[in-house]
Amino acid sequence: MYRIVFCLMIVYVFWTAKGQDTLMINTLDKNQQVAYYDSLTFALYNKADYKSLIIKIKEAERLGVTFKYLNYRKAIAYYELRNYAKAVKYYEKALFDVPDDMFLKESLYSAYLLSGLTSKASVFAKTLPKTNQEKIGFSSSFVNFINFSGGYTFSNNNKKLRNSIANLDSINQYQDMISGGIIFGLNISDHVKLNAGYNLFNTKFERFVQNRLQHSNLLSQHQLNVGTEFYLKNNFSLGFTGGFYAIEKNYKSTTQISGSGSGRRRTISSSQSTDYNLSGLIFLNKRFAYVMPEVSFAYSDFAFSNQLQSKLQLTYYPFGNLNFYGITSGTIILDSNKNRDKQTVFSQNIGVKLFGKMWLDGMISVGNHLNYITERSFIVYDTYDPIMFMSGLNLSYYFKKVTVTAIYSWTQKEGWAFTNYYTNLLKYKYNNQLVNLTIKWNL
């Protein structure tokens, strides 16, 4: 019992002292309050007690107390606590109080970069003197970046899987794939960026008909994308991207001939041709301190039908920095092909800084990804067989101007085959594993 009484006495003394302290502050006139908080926050800044510094500044703001370095010290406190999004807000406010402070401007540039506002950082850096631009390592170039990528996909949609299907009559198997590409980023102006990319995919294809391998080939797909992004006022961005595709296809048809019952036979005719397709996408987003919502709409005309896609995406930075972030999105795809009708895709990405300059990104995506358009239209899943599930890991290391990323992705796809004298259409699952390497050079 005496312990409870003792604890209550301690709490009473604490709150009484706190109340007396608040009463003392309230009895001071405005000039005395300004002097008190100016002196106190400066002492906390010198002690590097940034959490207490923020608490005291908020306390001063509630009392309507303001002074020249209030926002400056608050910005520094958030910056040192690695909440760069909040630091940006108060550095920008501090510029009105001390507009000629170069340390403040250099810190604001760094906060822009560390919170992901790269375009805003570039525009702001151009307002600084050349000596300060050199000090912060900023240089302006027409070419923003060059990105090279190359990878290989291993598939288990092979002879072993084919032999496991009972009463098989015919099957189209899309197997291993090799891919590569290049993307250029160009600075058209301070507020306009243009990205252009080319990708080539070569897929091994086999057709098995009537107990023999009828056809084996490499199918190629050429993909060209050009996209423009406009950085508007109040952290809005608007962009357009178009895509052109040359896709080699194999077709087969079945034709009934004489016979009845179990003796019925069908012949298979096949041909190969190249389809030429287009896609277009428009997106709009707005960056807030911790979140960036985005909406996009896309059109494509793959596989002799038309697709309309709408996507909602939310990118979030819960700690105000790039050390941990997430991207959640949901997509609806409407197809003029009645056999496909409406498709939905849900995706989740998580990125985290491991240590130093090493980042790890993880991703899962569920739904029918056939003709799914993402990454501002620079990734399009116009695959021969639909992808039903995706997961992946990206491990990135950031050098001074070069980023190297190793990518592993596992996908589950859906194929089809004819069995039982072509009377049954069998859908089956198979897995692909992608290993990819990208090198991005930021100029």
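Examining the packing of helix 3 (residues 50–62) against helix 4 (residues 70–80)
Line of reasoning, step 1. Put simply, helix 3 and helix 4 touch, their axes get as near as 9 Å, and they point 145 degrees apart. Relative to helix 4, the crossing made by helix 3 is left-handed. Judged by residue contacts, Tyr 50, Leu 53, Ile 54, Ile 57, Lys 58 and Glu 61 of helix 3 engage Leu 70, Asn 71, Arg 73, Lys 74, Ile 76, Ala 77, Tyr 78 and Glu 80 from helix 4.
Line of reasoning, step 2. Here the contact of helix 3 with helix 4 is composed, by residue class, of eight nonpolar, one polar and five charged.

Observations regarding the side chain of Lys 105
Line of reasoning, step 1. Along the chain, Lys 105 falls in helix 6 (residues 102–114).
Line of reasoning, step 2. Nearest to the buried, unbridged Lys 105 among oppositely charged side chains is Asp 100, at 5.1 Å.
Line of reasoning, step 3. Leave out the neighbours within four places in its chain, and Lys 105 touches Leu 95, Pro 99, Phe 124 and Leu 128.

A short note on unusual backbone geometry
Line of reasoning, step 1. A positive phi angle, near 55 degrees, is found at Asn 167, a position not held by glycine.
Line of reasoning, step 2. Mapped onto the elements of the fold, Asn 167 is located in the loop between helix 9 (159–163) and strand 2 (168–189).
Line of reasoning, step 3. The residue Glu 375 is not glycine, and still its phi comes out positive at about 50 degrees.
Line of reasoning, step 4. By secondary structure assignment, the location of Glu 375 is in the loop between strand 12 (372–374) and strand 13 (379–381).

Thoughts on the confidence of the model for the chain
Line of reasoning, step 1. Residues of the chain with pLDDT of at least 70 account for 89%, and the chain-wide mean is 89.
Line of reasoning, step 2. Scored below 50 in pLDDT, residues 253–259 shows 18 contacts in the model against residues more than four places distant or in partner chains.

Section: helix 5 (residues 84–97)
Line of reasoning, step 1. Its 14 residues give helix 5 an end-to-end C-alpha distance of 20 Å, which sits within 8% of 20 Å, the value for a rise of 1.5 Å per residue.
Line of reasoning, step 2. Turning to helix 5, its buried residues are Tyr 84, Ala 85, Ala 87, Val 88, Tyr 90, Tyr 91, Ala 94 and Leu 95.
Line of reasoning, step 3. Where helix 5 is buried, its residues meet helix 4, helix 6 and helix 7 (118–125).

Conventions adopted
- Residues numbered from 1 in each chain as written.
- Predicted model: local features only at pLDDT ≥ 70, side-chain atom pairs only at ≥ 80, totals over all residues.
- Heavy atoms only, no water.
- Axes fitted to C-alpha atoms, helices over the stretch in contact; angles between N-to-C directions.
- Helix = DSSP H or I, 4+ residues; strand = E, 2+ residues; numbered from the N terminus.
- Left-handed = near helix turned anticlockwise from the far one by under 90°.
- Contact = heavy atoms within 4.5 Å.
- Nonpolar A, V, L, I, M, F, W, Y, C, P; charged D, E, K, R; others polar.
- Buried < 20%, exposed > 50% of the residue type's maximum accessible area, 1.4 Å probe, protein only.
- Lys, Arg positive; Asp, Glu negative; His and termini not counted.
- Salt bridge = Lys/Arg side-chain N within 4 Å of Asp/Glu carboxyl O.
- pLDDT = per-residue confidence, 0-100.
- Expected span 1.5 Å × (residues − 1).

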